Amino acid sequence: MEIERRRRPVQLNDENQPQGGRNSHPTTKSYHIPKQLIVDAYKRVKKNKGSAGVDGQSLKDFDKHLNNNLYQLWNRLSSGSYHPQPVRRVEIPKSDGGTRCLGIPTVTDRIAQMVVKLQIEPELESHFHPDSFGYRPNKSAHDALQLAQQRCRKRSWVLDMDIKGFFDTIDHELLMQCVRRHVKESWQLLYIERWLTSPTQLANGEIEQRDKGTPQGGVISPLLANLFLHYVFDVWVGKQRLNVVFERYADDIICHCTTESQTKTLKARVEARFNACGLALHPKKTKIALCKSQYIQLDYDTTSFDFLSYTFQPNWTKTKKGNYGLYFYPTVSRKAAKRIRDEINRWPWHYWSHQELADIRKYSRSKIRGWMNYFSAFGESAIRNILFHLDRRLSRWAKMKYKTLQTLRQAADRVNRARGNNPHWFAHWRCI
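Below: a short report on this structure. Counting of residues starts from 1 at the beginning of each chain's written sequence and follows it residue by residue. In keeping with the model being predicted, local features are shown solely for residues with a pLDDT of at least 70 and side-chain atom pairs are shown and tallied solely at 80 or more, while totals for entire chains, interfaces and linings include all residues. Excluded from the side-chain calculations are hydrogens and water; all other atoms, namely the structure's heavy atoms, are used.

### Looking at the sheet that holds strand 9 (residues 305–307)
Test applied: DSSP calls a pair of strands paired once it identifies at least 2 bridges connecting them. What counts as a helix is a DSSP run of H or I of at least four residues, what counts as a strand is a run of E of at least two, and both are numbered from the N terminus. Only the stretch in contact is used when fitting a helix axis, every axis being a line fitted to C-alpha atoms; angles between N-to-C directions are given from 0 to 180 degrees.
Across the sheet, which stays open at both edges, the three strands sit in the order 9-10-11 with antiparallel pairing between neighbours. Edge positions in the sheet fall to strand 9 and strand 11 (324–332), since each has one partner strand and no second. When strand polarity is set aside, the average angle formed by the axes of neighbouring strands in this sheet is 45°. In the sheet, strand 10 (residues 310–318) pairs with strand 11 via nine bridges, with the strands oriented antiparallel.

Here it is as C-alpha cells:
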C-alpha cells in the first residue's frame, strides 16, 4: 500500500500491506468499505485540525506513519474489530462561571467517525427541516439570524429556549431509534453505538462510563444531535398546529408566536415533550420575550433575547430623516463583546514590546477578520466600537515600546496616524 504525500494526492493501495496481517484481502472482510473513503475522511479531519486524544497522538504524529495508520484503520473497520478509545474530557470555562465539557476523540477515532459521517449525512440532510441551521452544509449562523430578524418583524412574541446540558443528556435508546430510521448498513450502526457508549477519560486519568449523551467535540456528534432534535422537536412542533415558526441552530432554538398566551402554551408543551424524551429546559435561561419596534411596551419584563452571540432588542436609532425611532434589531451581545475584549487582553502584549507592529498584525489578522465578518451582518458600527479596545491596547503597547512617547495621548496619536496612513493593516481600521 502506497500513500502519496505532499503535492501528490493521498492514495490507499493494496501494495506494501503489513506482513502477517490477517483478513487483509478485501474479499475476506466482514464489511465492504472503500479505501478511498478512508483517505477522504482523513483529508477532512486534517483540514479541521484539532488536538490530540487520550493517546497523545497529534495529527502531525499520525502523519509520520500515515501509510500504516490508515491501512490499519481500514482493516479494523472492514473486519468489525474496530473499537474506539475513550474520549478525552476537556473543560472550557463559561461566562456564567460554569464549564462546558468537551469530549476529544483520538485522531484515529475522528477519521473513523468522519468515514461514517460522509456516508450517512446526504441521506439525513434530505430529511432535515429547512429551519434547522446548525452544522449543516450550505447553511450558516447568518442565515438563521437573518430569518429570525425577519420573523421578529411579523410576530411579536418569542420563546427563547435553552436545553440544559443537551449533548450530555441525549437518550441513547431514543437516538438509535432515530438513527435506524435512516441508517441501514450494519457496520455503520455498530460503530455509532460503540461511539455513543465509549467511556470518557477525566483529567486525572480516571475512566468514566457513559450511558447517555454524545461527546461535544466528536466529529459525528453534531450530526447525531441534529437527528435527535429533528424528531424530538422539529417534526413534533409541526404536528402541534400552534402556528409556530422557529430557527434552530443545534440546541439553540428560537420560536416565534403571535400572542403571549400562545407562547406560554408552547412553552408548557415543549417542556412536557422534552421531559418525555429525557431533556429539560434550563429554568433560568429559557424565557418569553416581547419583540416589537416603534410601539414596544417597555413595561414588559423581557424585551430582548440572545441568539448566536447577537442580542435582539429595541434600540434607539437615528433615521435617514434625522429623527430617532425605537427599532427592534440584533446587535453584538454583551457576552460576545466581553469575550472579544478578554481575548485581546490575553494576547502577549509584554512580549510584543520587543517586536514590531507587523508581528501584532500577523498574530491577529485572521482573528480580527473573523470577528468583523461574523459581527458585521447587521452593520459594522457595533463590532467596530468593540474593536476600538484593540486600538487602546495598541496605544499602551506603543507607549511601552517607544520611550519617546511620554503619555498615552501621544501613543494614541501615533496609532491614529498609522491607521490613517495604512487603513488596510487591521480589518476594523478600513471601516473608520
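### Here's the deal with a positive patch on the surface
Note the cut-off: Patch membership is restricted to residues that have no salt bridge and whose relative accessible area is over 30%. Joining uses 9 Å for like charges and 5 Å for the nonpolar side chains Val, Leu, Ile, Met, Phe, Trp and Tyr. The Shrake-Rupley method, run with a 1.4 Å probe sphere, supplies the accessible areas, and residue values consider only the shown protein chains as cover. Whenever a carboxyl oxygen of Asp or Glu lies within 4 Å of a side-chain nitrogen of Lys or Arg, that contact is scored as a salt bridge. Only four residue types enter the tally: Lys and Arg on the positive side, Asp and Glu on the negative side; His and the chain ends are excluded. By convention, the point assigned to a charge is CZ for Arg, NZ for Lys, CD for Glu and CG for Asp.
On the surface, Lys362, Arg365, Arg369 and Arg430 cluster together into a positively charged patch. Among the secondary structure elements, Arg365 is positioned in helix 13 (residues 357–375).

### Quick word on the pattern of salt bridges
Here is the rule: Exposure is judged per residue with a 1.4 Å probe applied to protein chains only, and the accessible area is read against the type maximum: over 50% gives exposed, under 20% gives buried, and values in between give partly exposed.
With the rule as written, the count across this model stands at 15 salt bridges. A salt bridge links Glu193 to Arg180, with the nearest nitrogen and oxygen atoms 3.7 Å apart. Here Glu193 is found in helix 8 (residues 186–197), whereas its partner Arg180 is found in helix 7 (residues 172–182), with 13 residues between them in sequence. Residue Glu193 is classed as partly exposed on the basis of its relative accessible area, which comes to 37%. Using a relative accessible area of 40% as the deciding quantity, one classes Arg180 as partly exposed. Here Lys401 ties to Glu356 by a salt bridge, and the two come within 3.4 Å at their closest N and O atoms. Here the residue Lys401 occupies a position in helix 14 (residues 381–401), and Glu356 occupies one in the loop between helix 12 (349–352) and helix 13, the gap between them amounting to 45 residues. On the basis of relative accessibility, which here comes to 18%, the residue Lys401 falls in the buried class. Taking relative accessible area as the criterion, Glu356 reaches 43% and is therefore assigned partly exposed. Beyond isolated ion pairs, a larger network of salt bridges with shared partners links Asp131, Arg151 and Glu247.

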